[in-house]
Every structure is written in C-alpha cells, then in structure tokens.
Amino acid sequence: MSAERVIEISSLNKSFGDFRVLTNVDLSVSLGERIVICGPSGSGKSTLIRCVNGLEQFDSGHILVDGISLEEPGGVDRVRSEVGMVFQQFNLFPHLSVLDNLTLGPMKARGLSRTDAEALAMEYLERVRIPEQARKRPRELSGGQQQRVAIARSLCMKPKIMLFDEPTSALDPEMISEVLDVMVELAQEGMTMLVVTHEMGFARKVADRMVFMDGGEIVETGTPSAVFEAPKSERFRAFLDKILQH
Ligand SMILES: Nc1ncnc2c1ncn2[C@@H]1O[C@H](COP(=O)(O)OP(=O)(O)OP(=O)(O)O)[C@@H](O)[C@H]1O
C-alpha cells in the first residue's frame, strides 16, 4: 500500500503580471516525507511553498493538503491549521515576549487556556533548547535563537506538515547549525517537511527527495545520493558546482 499523500500539487501555474513564475509544477508529498527544494535565485521555490499554505494565490492547477483543496470555501484556513511555516526573517511579533509569541496561536486558534498554552510553549522551548529565553523579547535574542523560537511557535500549533523557506539564510554562519540541528531532530521524529534550502549537508542527512527548480519548473528530482552522484540535468550540475564552491 502506498504511503498517505499529504500534499498533492498538480499542473500549478502562476505569474506575477507578465512574469511566469511557476510552470506546470507537479509534486506529491507523502506523510513523513522530507523534501528539500533547491535552485537558483528567482526560480520560484518560495512562491511554490507559499502557494501550499495559501500565502500566494495561483492562476491554475490544484493543491490538496491532507485532502483539503485550497480552492474550496474555508480551504485556506483549514490548510493553515495543518501546516506550519518558518520564514527566512523569523517573523516573530517584536512587541511580545518569546512566551507570548508561542502562546498566542494556541490560545486564539485552538482555545487553550493561558496555563495550558504556557505549559505547551515551555515544552517546545525545551525542545529547541532555549527555555531560559521565555521572558525576553525577540530583539534580545540572537538570530539562531529567534529562528528556534519561530520553529517552536509553529510546533505549538501541532502542524501535520512543516514548510521552511530558507530558514538559515539570514543567519550568521556560526548560528546555522543550531537551527539545522533542531530541524534534523524534527525530521528524525517523522515530521513531514518541505524545506527550501541550499544547505546540502542538511539535504544529504535528512532529505528523502531533492527537488531542483529552475525557471519556475521542476527540472530534476530524486534521492540525494542519486542526484548528487549523477545529476541528469546540466543545469542542476552547474548549480551544484556553484553552491558547493562556497
Ligand atoms: N510579489 C511579487 N511580485 C512580483 N514578482 C514577484 C513577487 N514575488 C516573487 N516575485 C518574482 O518571482 C520570481 C520567483 O520568486 P521566488 O521568491 O519564488 O524565487 P526563489 O527561487 O525563492 O528565489 P530566492 O532564492 O532568491 O528566494 C522572482 O523573479 C521574483 O522576483
């Protein structure tokens, strides 16, 4: 029996004005699968994953998340209740403490009491190894700590799927591994993950499948070992050469 499909993207097309950003994208993700999406700047990676939780609208095609269509009435809200997203720039509420950043969603969207929401928040702050930062404001934290708060905040909503949009690209190099370590643990716990990143070490460690995008299309896909050892597309080979030089 095939694994449960939790994301089904079919024939997805999207333009910004005259500029075609996604062309006939098809991608299926199974429960527990970890997919790393890479590709040159402007190839449509962010737009693709933003479409998955309704942050961008698409022109044609279909997206089903856990069987829910983004196009059906109330679909976007239902999908967002199942999908967590972590952005490059953390997107924490600057005027709230770390703890309040984490408790807001569970209290508002899931109806938890403050006591229960704080207990949940502390559990996740322990998981990302910064419980001692709970009373601080985001600006008092390092970038790596802020990103771990952002991950904990998403996890507090008990998502079935996590989307990551270049979660380490705004970080100083010494902070990248503390965030990747948390993501590796999440992957090992079986979370379904769609990760846009150029961290190829991470990809090799956790990805079940790599997706290489170029010019709004999926140009190559396969297991990390297959695509790294023998990239079929010349464009992917050139891209790998470029990023592995850094
Ligand atoms: N809101 C928007 N309005 C107009 N054009 C946009 C918008 N968002 C993205 N684009 C354009 O769409 C293209 C794809 O952008 P996208 O952010 O999806 O690419 P990406 O592969 O994630 O790139 P990067 O690695 O630089 O983040 C780019 O040319 C970008 O300038």
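Given the structure is predicted, the values throughout are model-derived calculations rather than measurements. All residue numbers refer to positions counted from 1 along the written sequence of the respective chain. The model is predicted, so local features are restricted to residues of pLDDT at least 70 and side-chain atom pairs to those at 80 or more, both for listing and for counting; the totals for chains, interfaces and linings are taken over all residues. Excluded from the side-chain calculation are hydrogens and water; included are all heavy atoms of the structure.

**Q** Whenever I open this one, the site of the ligand confuses me. Can you help?
**A** What makes a residue near a molecule or strand is one non-hydrogen atom of that residue sitting within 4 Å of it. Around the ligand, the structure places Phe16, Phe19, Val21, Pro40, Ser41, Gly42, Ser43, Gly44, Lys45, Ser46, Thr47 and Glu166. At a separation of 2.8 Å, an oxygen atom of the ligand approaches a polar backbone atom of Gly42. Here a polar contact is taken to be a pair of N or O atoms separated by no more than 3.5 Å, where protein atoms must pair a possible hydrogen donor with a possible acceptor and residues adjacent in sequence count only if both atoms sit in side chains. Contact distances for the ligand include 2.8 Å between an oxygen atom and a side-chain N or O atom of Lys45. Protein contact buries 59% of the 630 Å² of open area that the ligand shows by itself. Numbering of helices and strands runs from the N terminus, with a helix taken as a DSSP run of H or I at least four residues long and a strand as a DSSP run of E at least two residues long. Looking at the shell around the ligand element by element, the count peaks at three residues for helix α1 (residues 45–52). Per-residue accessibility takes into account occlusion by the displayed protein chains alone, with areas from the Shrake-Rupley method and a 1.4 Å probe.

**Q** How should I be thinking about the environment of Ala119 in this particular structure?
**A** Looking at the element boundaries, Ala119 is found in helix α4 (residues 114–127). Sequence-wise, Ala119 and Thr103 are 16 residues apart; in three dimensions their C-alpha atoms are separated by 9.1 Å.

**Q** Help me understand the nonpolar core, please; the structure alone is not making it clear to me.
**A** Across soluble globular proteins, you tend to see nonpolar side chains buried next to one another. Nine residue types can take part in a nonpolar core, namely buried Ala, Val, Leu, Ile, Met, Phe, Trp, Tyr and Cys, and a core is a set of them joined through side-chain atoms within 4.5 Å. In this scheme, a residue with accessible area under 20% of its type's maximum is buried, one over 50% is exposed, and one in between is partly exposed, where area comes from a 1.4 Å probe on protein chains only. Core analysis: the biggest nonpolar cluster contains 50 residues, and Phe164, Met183, Met193, Phe202 and Met210 have the highest contact counts within it. In terms of residues, this core owes the most to one element, helix α6 (residues 173–188), which gives nine residues. Every residue pair with non-hydrogen atoms within 4.5 Å of one another is taken to be in contact. In this structure, Met193 is in contact with Glu33, Arg34, Ile35, Met162, Phe164, Met183, Leu186, Ala187 and Phe202, ignoring residues within four places of it in sequence. Of all hydrophobic cores here, the second largest spans 30 residues; its members include Val25, Ile35, Ile63 and Ile161.

**Q** Would you take a moment to explain the layout of surface pockets for this structure?
**A** One way to see where empty space is left: roll a probe the size of a water molecule over the atoms. The definitions used throughout rest on a 1 Å grid laid over the protein atoms alone, on which a cavity is an enclosed set of points accommodating a 1.4 Å probe that cannot get out and a pocket is an open set flanked by protein within 12 Å on both sides along at least five of seven lines; lining residues are those having an atom within 4 Å of a point. Grid points are joined across faces, edges and corners, and a volume is the space filled by probe spheres set on the points. There is about 540 Å³ of room inside the largest pocket. Along its surface, the largest pocket is lined by 19 residues, and Val83, Met85, Arg153, Ser154 and Met157 are the ones closest to its centre. The dominant element in the lining of the largest pocket, judged by the number of residues it contributes, is helix α3 (residues 98–110), at five residues. A per-class count over the lining of the largest pocket returns nine nonpolar, seven polar and three charged. We call Asp, Glu, Lys and Arg charged. Ala, Val, Leu, Ile, Met, Phe, Trp, Tyr, Cys and Pro are nonpolar, and the rest, Gly among them, are polar.

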